[in-house]
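Breakdown of the fold
Here are the chains, one letter per residue:
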Amino acid sequence: MPGTTETLLDSNLESVDSAENMAVDAAKTLGMDEDACMDLGLAVREAMVNAVAHGNKYSADKKVRYVLDTRTDSLHITISDQGEGFDPNRVPDPTQGANLMRGSGRGLLLIQTFVDEFEVKKAATGGAEVKLVKYAN
């Protein structure tokens, strides 16, 4: 069913699970296959962890704005934090040299791999706003 749901989520790992579950449920309803649902779930999980951990730094005073826009042929998901924002072009490439052994830093690469469209910009709240689009096959 086409429609938009907007939710304010707390800056904790339970919210990461909740956002992932909402996305996967919507993908299933849209008729996406199991692999597409898993891909989308992983992308949403990574984007939410970034918002909760890096953006809002787990602050109980900050929220993550989660918008799930279900269309007839795709899902459009917007995740906005209240942190300081970041420039994705300044994030070290996880496939290069010393970055290969880092314990973190692969989230943006994973997100881009698992969705059809990916955009990062400054949110109205001053933090980061990440937009993910996954098309139904």
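Quick look at the structure, then. Numbering of residues starts from 1 in every chain and runs along the sequence as written. The model is predicted, so local features are restricted to residues of pLDDT at least 70 and side-chain atom pairs to those at 80 or more, both for listing and for counting; the totals for chains, interfaces and linings are taken over all residues. Excluded from the side-chain calculations are hydrogens and water; all other atoms, namely the structure's heavy atoms, are used.

A word on the environment of Q82. Helix and strand definitions follow DSSP, with helices as H or I runs of at least four residues and strands as E runs of at least two, each counted in order from the N terminus. Inspection of the secondary structure puts Q82 in the loop between β3 (74–80) and α3 (107–114). The spacing of Q82 and G127 is 45 residues in sequence and 4.6 Å in space, taken between C-alpha atoms. Those residues in contact with Q82 that sit more than four places away from it in its chain are N56, D61, K62, K63, T125 and G127. We call two N or O atoms a polar contact when they sit within 3.5 Å, provided that within protein one can donate a hydrogen and the other can accept it, with sequence-adjacent residues counted only if both atoms are side-chain atoms. A polar contact is formed between the side chain of Q82 and the backbone nitrogen of K63, at a distance of 2.7 Å. By definition, residues are in contact when any of their heavy atoms lie within 4.5 Å.

This part covers helix α2 (residues 34–55). Helix span, expected: 1.5 Å multiplied by one less than the number of residues in the helix. Over its 22 residues, α2 runs 30 Å from end to end, which matches the ideal 32 Å to within 8%, given 1.5 Å per residue. Each residue is placed in one exposure class: buried if its accessible area under a 1.4 Å probe, protein chains only, is under 20% of its type's maximum, exposed if it is over 50%, and partly exposed if it falls in between. For α2, every residue scored as buried is listed here: A36, C37, L40, G41, A43, V44, A47, M48, N50, A51, V52 and G55. Phi turns positive, to about 50°, at K57, one or two residues after α2.

Attention now moves to the nonpolar core. Core analysis: the largest hydrophobic core is formed by 31 residues, its most contacted members being V44, M48, Y66, I77, I79 and L132. Put simply, the parts of the chain that give this core at least two residues each are α1 (13–29), α2, β2 (63–70), β3, α3 and β5 (128–135). The greatest single-element share of this core, amounting to 9 residues, is contributed by α2. If sequence neighbours within four positions are ignored, V44 has contacts with A19, E20, A23, Y66, I77, I79 and L132. Definition used in this section: a nonpolar core is a set of buried Ala, Val, Leu, Ile, Met, Phe, Trp, Tyr and Cys residues joined via side-chain atoms within 4.5 Å.

Let's shift gears to the pairing of β2. Of all 8 residues in β2, 6 are buried, a share of seventy percent or more. Where strand β1 (residues 3–10) meets β2, 8 bridges bridge the pair, whose relative direction is antiparallel. By the bridge assignment, E6 is partnered in β2 with V67. Sheet analysis places β2 next to β3, joined by 6 bridges and oriented antiparallel. Within β3, the residue paired with V67 across the bridge is T78. A loop of 3 residues connects β2 with β3, the two strands running antiparallel in sequence. Strands are labelled as partners when DSSP assigns at least two bridges between them.

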